[in-house]
Amino acid sequence: MSEGPVRVMVVDDHPMWREGVARDLTEAGHLVVATSGEGRQAVRVAAAARPDVVVLDLQLPDVSGVEVIRGLRAALPEVRVLMLSASGEPQGVLDAVKAGATGYLVKSAAPAEFLDAVRRTAAGEPVFTPGLAGLVLGEYRRLAAGPPTGATDDSAPRLTERETEVLRLVAKGLSYRQIAERLRLSHRTVQNHVQNTLGKLQLHNRVELTRYVIERGLDDD
């Protein structure tokens, strides 16, 4: 995604909080295309407003945030959803991610952390409050666990050593910039490695790459 303003919709049933988040986004140069305090309304409005990112609370008065995520993904398959909730309860986090949320922050996050998360979410990067990334990766590992096949899949795409190294860092939740600094590569080179790998593996985003890494056991140090 370009470095231009992100089109954002804010969904939260607390007016003061909703307005404060919208104000922070606007002051940071983003375009707040809609706000809503109810889940069903949010899905209808988003279909017309077409945001890049929906900042969504987990607890809403009419339907759960998880139901809203499903509705948003059905109406706008390309939309990114960043959960911003007072709760970091594990089951709520996992349910949101499984429904299609790209990231999850608790409301105690600093403004700078939140604004960075919006930008990264718009780029398709999974963003989590510290501690929650490990929870999600652990769940992916549990779901991917199964009896060994004892056979090598010769049809599996061949990744270079550098591509595999980048994938391990993707699975740890590092941003492109952090990966570039760690591997002493340019930001563009890291992006190219990720995009090439997505093409080889026929995957669509970093969340799917993370699942792939864990299923293949590539995240082991």
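Report follows, based on the coordinates. Computed from a predicted structure; not experimentally measured.

**A look at the pattern of salt bridges**
For the structure shown, the criterion picks out five salt bridges. A salt bridge links Asp12 to Lys107; its shortest N-O distance comes to 2.7 Å. Residue Asp12 is found in the loop between strand 1 (7-11) and helix 1 (15-27), and its partner Lys107 is found in the loop between strand 5 (103-106) and helix 5 (111-122); the two are separated by 95 residues along the sequence. Side by side, Asp12 and Lys107 carry an identical accessibility label, which is buried. When the shortest N-O distance is used, the salt bridge between Asp62 and Arg40 registers 3.9 Å. One end of the pair, Asp62, is in the loop between strand 3 (53-56) and helix 3 (65-75); the other, Arg40, is in helix 2 (residues 39-49), and 22 residues separate them in sequence. Within the structure, one salt-bridge network assembled from shared partners comprises Asp12, Asp57 and Lys107.

**With respect to the packing of helix 1 against helix 5**
With their axes 11 Å apart at the nearest point, helix 1 and helix 5 run at an angle of 70° to one another. Taken together, the axis directions place helix 1 and helix 5 in an arrangement best described as roughly perpendicular. On the side of helix 1, the interface is formed by Val21, Asp24 and Leu25, while helix 5 contributes Phe114, Leu115 and Val118. Across the contact of helix 1 with helix 5, the residue classes tally to five nonpolar, no polar and one charged.

**Considering the pairing of strand 5**
Alternating positions in strand 5 separate into two faces, Gly103 and Leu105 on one and Tyr104 and Val106 on the other, with burial throughout. Across four bridges, the pairing between strand 4 (residues 80-85) and strand 5 is parallel. Paired with Leu84 across the strands is Leu105, a residue of strand 5. Note that the unit made of strand 4, helix 4 (residues 90-99) and strand 5 has a crossover that is right-handed.

**Describing the sheet that holds strand 2 (residues 31-36)**
With parallel pairing, the five strands of this open sheet are ordered in space as 2-1-3-4-5. The sheet is open, and its two borders are formed by strand 2 and strand 5, each paired with just one other strand. Within this sheet the neighbouring strands show an average axis-to-axis angle of 20°, counted without direction. Strand direction decides the pairing type here: strand 1 and strand 3, joined by four bridges, are parallel. Residue pairing for strand 3: Val11 is matched across the bridge by Leu56.

The rules behind these values
Throughout this description, residue numbers start from 1 for each chain and increase along the sequence as written. Confidence filtering applies because this is a predicted model: local features only for residues at pLDDT of at least 70, side-chain atom pairs given and counted only at 80 or more, and all residues used for totals across whole chains, interfaces and linings. To obtain the side-chain values, all non-hydrogen atoms of the structure were used and water was disregarded. Here, a salt bridge means any side-chain nitrogen of Lys or Arg that lies within 4 Å of a carboxyl oxygen of Asp or Glu. Here a strand is any run of E in DSSP of at least two residues, a helix any run of H or I of at least four, and the numbering for each starts at the N terminus. We call a residue buried when its accessible area falls under 20% of the maximum for its residue type, exposed when it is over 50%, and partly exposed in between, using a 1.4 Å probe and counting protein chains only. Working convention: axes come from line fits to C-alpha atoms, limited for helices to the stretch in contact. Angles between N-to-C directions cover 0 to 180 degrees. Roughly parallel refers to an angle under 35 degrees, roughly antiparallel to one over 145, roughly perpendicular to one between 65 and 115, and oblique to any angle outside these ranges. Contacts: residue pairs with any heavy atoms within 4.5 Å of one another. Only Asp, Glu, Lys and Arg are considered charged in this grouping, and only Ala, Val, Leu, Ile, Met, Phe, Trp, Tyr, Cys and Pro are considered nonpolar; every other residue, Gly among them, is considered polar. DSSP calls a pair of strands paired once it identifies at least 2 bridges connecting them. Handedness of a crossover is defined as follows: with both strands directed away from the viewer, a clockwise route from the first strand across the helix to the second makes it right-handed.

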